[in-house]
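For reference, the chains in residue letters:
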Amino acid sequence: MPLVSPSPQALFTYGSLMCKDIMASVVGTPLRSTPAILPGYRCFCVRDEQYPGVIFAENEGSTVEGIIYHDITPHGWARLDRFEGEMYDRSAVTVRYDKGGEARVYCYVFRPQFQHRLTTTPWEYDDFLRNGKQLFQNQYGGFKAID
């Protein structure tokens, strides 16, 4: 089955942007969202940071849980690109919805030239909520890039 172009208005998020309040502050408005899974990728902690990066996984069966946000405007994309910064590429990926079906959407994938900054520790959303979210919101430079 041929892959279609990604939806120009949908983004799969797997890290700090899974928090609806953070996503709304980045794009400037609350967005409709849907749980999804990104097959064929793994999510790791970035060294000395509160946020993760996803990379393509060589081994079959790897998945990343996340959220798709819909109806992102061109203004929202511009803010997201500045927020994510140089370590990420906005790439087209195929995700599976929790309730079935697939979609072609965008995802910020960690660039190969920065992969040395990833640890081997899987990133955990619940741990981020408990121990890293406040620190991330206070320290991450991407927030200054969108002001």
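For the structure, see preceding data.
Residues numbered from 1 in each chain as written. Predicted model: local features only at pLDDT ≥ 70, side-chain atom pairs only at ≥ 80, totals over all residues. Heavy atoms only, no water.

Participant: So what's going on with the packing of helix α1 (residues 20-27) against helix α2 (residues 74-84)? Residues and values would help.
Facilitator: Packing of α1 against α2 brings their axes to within 8 Å, and their N-to-C directions diverge by 110°. Considering their axes alone, α1 and α2 lie roughly perpendicular with respect to each other. For the pair formed by α1 and α2, the contact residues are M23, S25, V26 and V27 on the first element and H75, G76, R79, L80 and F83 on the second. Each residue belonging to the contact of α1 with α2 can be placed in one class, and the counts come to five nonpolar, three polar and one charged. (Axes fitted to C-alpha atoms, helices over the stretch in contact; angles between N-to-C directions. Helix = DSSP H or I, 4+ residues; strand = E, 2+ residues; numbered from the N terminus. Parallel < 35°, antiparallel > 145°, perpendicular 65-115°, else oblique. Contact = heavy atoms within 4.5 Å. Nonpolar A, V, L, I, M, F, W, Y, C, P; charged D, E, K, R; others polar.)

Participant: Now, about the sheet that holds strand β8 (residues 118-122): what can you tell me, with residues and values included?
Facilitator: Pairing is antiparallel across the open sheet formed by three strands, whose spatial order is β4-β3-β8. Looking at which strands have only one partner, the edges of the open sheet turn out to be β4 (52-56) and β8. Each strand axis lies, on average, 50° off the axis of its neighbour in the sheet, ignoring direction. Inspection of the sheet shows strand β3 (residues 41-46) paired to β4 by five bridges, in the antiparallel sense. In the strand pairing of β4, C45 is matched with P52. (Pairing = 2+ DSSP bridges.)

Participant: Could you give an account of the environment of K133, with specific residues and numbers?
Facilitator: Within the secondary structure, K133 sits in helix α3 (residues 125-139). Overall, K133 belongs to the buried group, its relative accessible area being 18%. Along the sequence, K133 and E84 sit 49 residues apart, while their C-alpha atoms lie 16 Å from each other. In contact with K133, not counting residues within four places along its chain, are C19, D21, I22 and F128. (Buried < 20%, exposed > 50% of the residue type's maximum accessible area, 1.4 Å probe, protein only.)

Participant: Kindly report on the pairing of strand β5 (residues 63-69), identifying the contributing residues and their values.
Facilitator: For β5, a buried count of five out of seven residues is recorded, marking the element as mostly surrounded by other parts of the structure. Pairing analysis gives seven bridges linking strand β2 (residues 33-39) to β5, with the strands arranged antiparallel. Looking across to β5, one finds that P39 is bridged to T63.

Participant: An account of the packing of aromatic side chains is needed here, citing residue identities and associated values.
Facilitator: The description of an aromatic ring pair uses the distance of the two centres, along with the angle that the planes make with each other. By the definition in use, this model includes 14 aromatic pairs. Each ring, one from F83 and one from Y140, has its centre 5.0 Å from the other, and the planes form 70°; the classification is edge-to-face. With F83 in helix α2 and Y140 in the loop between α3 and α4 (142-145), this residue pair connects regions lying 57 residues apart in the sequence. Taken individually, F83 and Y140 each receive the classification buried, so the pair is uniform in this respect. Plain terms: the ring middles of Y88 and F110 are 5.1 Å apart, the flat faces sit at 85° to each other, and that makes the pair edge-to-face. Residue Y88 is found in strand β6 (residues 88-97), and its partner F110 is found in strand β7 (residues 102-110); the two are separated by 22 residues along the sequence. Of the two residues, Y88 and F110, both sit in the buried class. Taken together, the ring pairs in this structure connect Y51, F83, W123, Y125, F128, F136, Y140 and F143 into an aromatic cluster. Residue placement shows R90 over the ring face of Y106; its charged tip is 5.4 Å from the ring centre. (Phe/Tyr/Trp six-rings, centres within 6.5 Å; stacked < 30°, edge-to-face > 60°. Lys NZ or Arg CZ within 6 Å of the ring centre and 35° of its normal.)

By themselves, these figures tell us nothing about what the structure is for.
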